[in-house]
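Residue-level listing of the chains:
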Amino acid sequence: GLPERKLCTPRDVRRCLSRVRRLTADLPAFDSIWLDALVQARVLTAWQSRFIESGDFDQLTIGPCIVLDRIGHGVINETFLTKLNSDDSRCIVKRIVVPAELASDTLAALKRLIERGRAVTEPHLVVPHAVSELDPETNRRRSVSAQNASGLMSSFAVVSRVATGLPLSQVVLRRGRLPGNVVMQIARQLLSALQLLHSRELAHGEIALRNILLQPNGQTVLVDAGIEPAVMPAFQINAFVDPVRNDGVAPELIG
C-alpha cells in the first residue's frame, strides 16, 4: 500500500474519501479514482500517480529519497524533486548515467567537485553537496536502454539543495524577448556567481537558460554548477547533444 511505501499517510487517504465519493457517485471506487483524488488533494503528484498505476514503484525511489516529480532531463541525466524518507526534507537529485568503464573517474571527479564546493555559501549559486553510486540491480530495473540493461552503464545520484525560481527558458517562452536592462542585470549577477566559482577553482560547464532560475525579487540562481565538467571533461559535439547547446559553436564543427 501507499502508506507502507511512505507515499502518503492513512490520514491522507481518509481526507480524500469525500473526493472519491464525488468522483464515483454510484460507481465502484477503482484504484485510479483514489489516485486522482490524492493528486487533486496534492498528496501525490501526477508523476507519482503515473508509476503507481503501472505498478512500477522502482521509479519512485532513488536511494533513501522518494521521487516527487521529474523536473528536467538530458541525454545522460534526469533531474528529480525528491524528499527524504527520514525527515521529509526536500532536495534535488540528478541521476547521471555513464559508461561503466568511466564510473570510477566520474565518481572521483564528482567527489572533488563536492569537496571544493563546500566553501561556496552564496545563496544564488547551487553546487551539489553529495554523490553516491546507485545499486547496479536498481539501474537494470530502471533502465530503458538495452545497453544499460546489459550492465555496461553505471548510474550516480548527485544531490543538491532546492532552489526556487522559474528557469529563464520558461520566462523567455512565456514573455518573449527580455528588455536590455533586465538582461544586463541578469548578466551582472551571473558574472558575480562565476567569479566566485573561479575563486574556488571550479567551472560551471553548462550555462544555459534552463540552469538559470529567476526569482520573484529579480535575483537569479545558477544551478548545476560544476556537474557537466565532472561528468564530461572533454567538450563533445555530436547528434545526441541538445541543439540549444550548439548556439555558440561553429556550424562546420557541428556538421
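Structure: above.
Nothing here was measured: the structure is a model prediction, and the numbers come from that model.

A. Broad picture of the packing of aromatic side chains. Per the stated rule, a full pass over the model turns up 2 aromatic pairs. With 4.7 Å between their ring centres and 65° between their planes, Trp47 and Phe51 make a pair best called edge-to-face. With a gap of 4 residues between them, Trp47 and Phe51 both fall in helix H4 (residues 46-54), about one helical turn apart. The buried category is assigned to Trp47, whose relative accessible area is 11%. Accessibility expressed as a relative area gives 9% for Phe51, which makes it buried.

B. Region of the structure containing the environment of Thr45. Tracing the backbone shows Thr45 in the loop between helix H3 (31-40) and H4. Expressed as a C-alpha distance, the spacing of Thr45 and Val67, which sit 22 residues apart in the sequence, is 9.6 Å. Looking at Thr45, its side chain comes within polar contact range of the main-chain oxygen of Leu68, at 2.4 Å.

C. Main features of helix H9 (residues 180-199). With 20 residues, H9 should cover 28 Å at 1.5 Å per step; its first-to-last C-alpha distance of 29 Å lies within 8% of that length. Of all the positions in H9, only Ile186, Leu190, Ala193 and Leu197 are classed as buried. For H9, the arc enclosing every buried residue in end-on projection is 60°, short of the 170-degree limit, so these residues lie on one face. Among the exposed residues of H9, those oriented more than 90 degrees off its buried face are Asn181, Leu191, Gln195 and His198. Trailing H9 by a residue or two, Glu201 shows a phi angle of about 60°, which is positive.

D. Molecular detail of the environment of Gln59. Mapping Gln59 onto the fold places it in the loop between H4 and strand S1 (61-62). It is 9.8 Å that separates the C-alpha atoms of Gln59 and Trp47, two residues lying 12 residues apart in sequence.

Cut-offs and rules
Residues numbered from 1 in each chain as written. Predicted model: local features only at pLDDT ≥ 70, side-chain atom pairs only at ≥ 80, totals over all residues. Heavy atoms only, no water. Phe/Tyr/Trp six-rings, centres within 6.5 Å; stacked < 30°, edge-to-face > 60°. Helix = DSSP H or I, 4+ residues; strand = E, 2+ residues; numbered from the N terminus. Buried < 20%, exposed > 50% of the residue type's maximum accessible area, 1.4 Å probe, protein only. Polar contact = N/O pair within 3.5 Å; in protein donor to acceptor, adjacent residues only side chain to side chain. Expected span 1.5 Å × (residues − 1). Arc of directions from axis to C-beta.

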